Amino acid sequence: MSERVLRQASTPPTVIDTSTAHIARVYDYFLGGKDNFPADREAAARILKGNPGMRDTCREQREFLRRAVRFLTRAGIRQFIDIGTGLPTQENTHEVAQAIAADARVAYVDNDPIVLAHARVLMADQDHGRTVFIHADARDPQSLLADSTLRSVIDFDQPVAVLLIGILHFMPDHDHPEHLIRTLLDALPDSSYLAASHGTPDFAPEVGGAVQAAYQASSMPCRVRTADEVMGLLTGVELVDPGLVLLAEWRPDGPVPANRQQITYAAVGRKG
């Protein structure tokens, strides 16, 4: 029988600031959600001016997440750490993984207390297996890895998949995303995996620059990176086929959409 686990690793702020845009809530808006506020919608409008296809990009990113989780679960992975999870939506990581393997365990990590509030509602209505939501900051991976709630679900002696979907381009250079990845990989045993997506200016420099500027103008950090820079972050894993490709090109379920503005890379890599 599956075990329901829903605990909070650290106490999130009791006051939720809705006057400033938040990445998770802007993303929710792009996906057609309702858990966003005027500041988030104003930021989204700025971003859409830079890239009118941002809604398609966000949907493709969610589709990549689901394909990656299915691939990893079928490859034998039963433990997932989803960092920067955002607001719950349809076919979350635990739902995709546990549909294939009921014993799959998932730890969600986010630093937005609104995300945790929705997580409590999501988890209260039915059994979701061994799934936890943790309030933590990706910029402090040592504290995240030491968290007792994380350790109650994730066994670091067994392979783990770390999901960094749509988070790395919100870590500018001074946030040291390479340190996050190195620290995580050092904690994982061989045969673990890393799945990531990352915004890029490679195919549409003007669009990439405009999106980056729009996020920054809304007090949200953003740093798009070239293929070489993304590959530099992924040092330490061997990419599985098809390597570093655009979102829609990573093991698609059907035809890749044509004539769509592509500004995000995707990759899955294996350690050891």
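A brief look at the structure comes next. Predicted, not measured: the structure shown is a model, and the values here were computed from it.

Side note on the packing of helix α1 (residues 23–30) against helix α2 (residues 38–50)
Then comes step 1: Viewed as axis vectors pointing N to C, α1 and α2 meet at an angle of 65 degrees, and their least axial separation amounts to 9 Å. Overall, the two elements α1 and α2 adopt an arrangement that is roughly perpendicular. In this structure, α1 meets α2 at a crossing whose hand is right-handed. When α1 is examined against α2, the residues R25, V26, Y29 and F30 are found in contact with a partner set consisting of D40, R41, A43, A44, I47 and L48.
Then comes step 2: In terms of residue class, the contact of α1 with α2 is made up of seven nonpolar, no polar and three charged.

Concerning the layout of surface pockets
A probe as big as a water molecule, rolled over the atoms, marks out the empty space that is left.
Then comes step 1: Roughly 1000 Å³ of internal volume is contained in the largest pocket.
Then comes step 2: Forming the boundary of the largest pocket are 49 residues, of which H22, I23, A24, N111 and F170 lie nearest the centre.
Then comes step 3: Broken down by secondary-structure element, the contributors of at least two residues to the lining of the largest pocket are α1, α3 (54–74), β1 (79–83), β2 (105–110) and α9 (205–217).
Then comes step 4: Examining the composition of the lining of the largest pocket, we find that six residues originate from one element, α3, more than from any other.

Comments concerning the pattern of salt bridges
Then comes step 1: This structure, assessed with the given rule, holds 10 salt bridges.
Then comes step 2: With a closest N to O distance of 3.0 Å, D253 and R70 form a salt bridge. Residue D253 is found in the loop between β7 (245–246) and β8 (264–270), and its partner R70 is found in helix α3; the two are separated by 183 residues along the sequence.
Then comes step 3: What makes D253 exposed here is its relative accessible area of 65%.
Then comes step 4: Between R223 and E229 there is a salt bridge; the shortest N-O distance is 2.9 Å.
Then comes step 5: Within this structure, D173, R223, R225 and E229 form a network of salt bridges that share partners.

Rules and cut-offs
Residues numbered from 1 in each chain as written. Predicted model: local features only at pLDDT ≥ 70, side-chain atom pairs only at ≥ 80, totals over all residues. Heavy atoms only, no water. Axes fitted to C-alpha atoms, helices over the stretch in contact; angles between N-to-C directions. Helix = DSSP H or I, 4+ residues; strand = E, 2+ residues; numbered from the N terminus. Parallel < 35°, antiparallel > 145°, perpendicular 65-115°, else oblique. Left-handed = near helix turned anticlockwise from the far one by under 90°. Contact = heavy atoms within 4.5 Å. Nonpolar A, V, L, I, M, F, W, Y, C, P; charged D, E, K, R; others polar. 1 Å grid on protein atoms, 1.4 Å probe; cavity = no way out; pocket = protein on both sides within 12 Å on 5 of 7 lines; lining within 4 Å. Points joined across faces, edges and corners; volume = space filled by probe spheres on them. Salt bridge = Lys/Arg side-chain N within 4 Å of Asp/Glu carboxyl O. Buried < 20%, exposed > 50% of the residue type's maximum accessible area, 1.4 Å probe, protein only.

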